[in-house]
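Single-letter residue listing:
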Amino acid sequence: MSKEDFPGWHGTTIIGVKKGGEVVIAGDGQVSLGQTVIKGTARKVRRLSPGGYDIVAGFAGSTADAFTLLERLEAKLEGLPGQLARASVELAKDWRTDKYLQKLEAMLIVSDGADIFVITGAGDVLEPEHDVTAIGSGGNYALAAARGMMDSDRDAEQIARDAMKIAADICVYTNGNLTVEKITK
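Residues numbered from 1 in each chain as written. Predicted model: local features only at pLDDT ≥ 70, side-chain atom pairs only at ≥ 80, totals over all residues. Heavy atoms only, no water.

J.: Before we move on, could you go through the side chain of Ser32 and cite the residues and values that matter?
T.: Position of Ser32 among the secondary structure elements: in strand S4 (residues 31–33). Residue class for Ser32 comes out buried when judged on its relative accessible area of 2%. Here Gln30 takes part through its side chain, which lies 3.0 Å from a polar atom of the side chain of Ser32. (Helix = DSSP H or I, 4+ residues; strand = E, 2+ residues; numbered from the N terminus. Buried < 20%, exposed > 50% of the residue type's maximum accessible area, 1.4 Å probe, protein only. Polar contact = N/O pair within 3.5 Å; in protein donor to acceptor, adjacent residues only side chain to side chain.)

J.: Account for a nonpolar patch on the surface, with residues named and values stated.
T.: Nonpolar side chains collect at one region of the surface, where Tyr141, Ile166 and Ile170 lie side by side and expose about 260 Å² of accessible area between them. Along the chain, Ile170 falls in helix H4 (residues 156–170). You can call Ile170 partly exposed: its relative accessible area is 46%. (Patch = residues over 30% accessible without salt bridge, like charges linked within 9 Å, V, L, I, M, F, W, Y side chains within 5 Å. Areas by Shrake-Rupley, 256 points an atom, 1.4 Å probe, with all protein chains shown as cover. Salt bridge = Lys/Arg side-chain N within 4 Å of Asp/Glu carboxyl O.)

J.: Let's hear about the sheet that holds strand S8 (residues 106–111): which residues, and what values?
T.: Pairing in this open sheet of five strands is antiparallel, and the strands run S6-S7-S8-S9-S10 from one edge to the other. Two strands close off the open sheet at either side, each with one partner strand: strand S6 (45–48) and strand S10 (125–126). The pairing of S6 with strand S7 (residues 55–61) spans four bridges and is antiparallel. Looking at S7, one finds that Arg47 is bridged to Val56. Running at roughly 150° to S7, helix H1 (residues 63–79) makes contact with S6, S7 and S8 of the sheet. Sheet strands in contact with helix H2 (residues 84–97) are S7, S8, strand S9 (116–119) and S10, and its direction is about 5° off that of S9. (Pairing = 2+ DSSP bridges. Contact = heavy atoms within 4.5 Å. Axes fitted to C-alpha atoms, helices over the stretch in contact; angles between N-to-C directions.)

J.: Hey, could you go over the nonpolar core for me, with residue numbers and the actual values?
T.: Membership of the largest hydrophobic core comes to 22 residues, with the highest contact counts inside it found for Leu69, Leu108, Val110 and Ile119. Counting only elements with at least two residues in this core, the list comes to S7, H1, H2, S8 and S9. Apart from residues lying up to four places away in sequence, Val110 is in contact with Ile25, Val56, Ala57, Leu73, Leu84, Ser88, Asp115, Ile116, Phe117 and Ile119. Residues Ala26, Ala134, Ala145 and Ala160 belong to the second largest nonpolar core, which totals 17 residues. (Core = buried A, V, L, I, M, F, W, Y, C linked by side-chain atoms within 4.5 Å.)

J.: How would you summarise the environment of Ala144 if you had to cite specific residues and measurements?
T.: Here Ala144 lies in helix H3 (residues 139–149). Taking C-alpha positions, Ala144 is 31 Å from Gly82, a pair spaced 62 residues apart along the chain.

J.: So, the pairing of strand S11 (residues 132–136): which residues are in play, and what are the values?
T.: In regular strands, side chains alternate between the two faces of the sheet. The element S11 is largely enclosed, with a buried count of four among its five residues. Direction of pairing for strand S2 (residues 13–19) relative to S11: antiparallel, over a ladder of five bridges. Bridge pairing in S11 places Thr13 opposite Gly136.

J.: Residues and numbers for H2, please.
T.: The terminal C-alpha atoms of H2 lie 20 Å apart, and with 14 residues this matches the ideal 20 Å at 1.5 Å per residue to within 8%. Those residues of H2 lying buried are Leu84, Ala87, Ser88, Leu91, Ala92 and Trp95. An end-on view of H2 places all buried positions within 135° of arc, on one side of the element. In H2, those exposed residues whose orientation departs by more than 90 degrees from the buried face are Arg96 and Thr97. Looking at the packing, one finds that the buried side of H2 touches S7, H1, S8, S9 and S10. (Expected span 1.5 Å × (residues − 1). Arc of directions from axis to C-beta.)

This is how it looks when you write it as structure tokens:
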């Protein structure tokens, strides 16, 4: 099967919300191949503790590629304990320049409870402007919904959950089976 014929893996919505001294990263559980749901309970949000510092990460894209990136991020953080921004930049630099890493197809949202970043293979380390960010097939739906709720009385977790519910109602590659991790600094 050629690359053009392969329908591709789809199905991820990951959101990160920073509000009231906490960061919540939530992700759905759906993985699809073409028009078929392969799995509805995938866990795309993880808690890591490199060097004794808690980090929460969510990923969109190829699972194997994302795990490779998470391992690299953990290694960077072990060498740079407690310095998520610097470790993220170092990972993005490697990702952009290393011939092996350049082929990886994934994106990450990471947080240490104080900062939240999106890391991409284009060498980007992006800090959201409005304390909310989202990636994946339903990311734009979740992002729009969450931004609309940021001025409400809802806390970070409720905003993330409500935004993911809206994304799941719109995006056929997103389901309501959530993994939610909260982190504070």
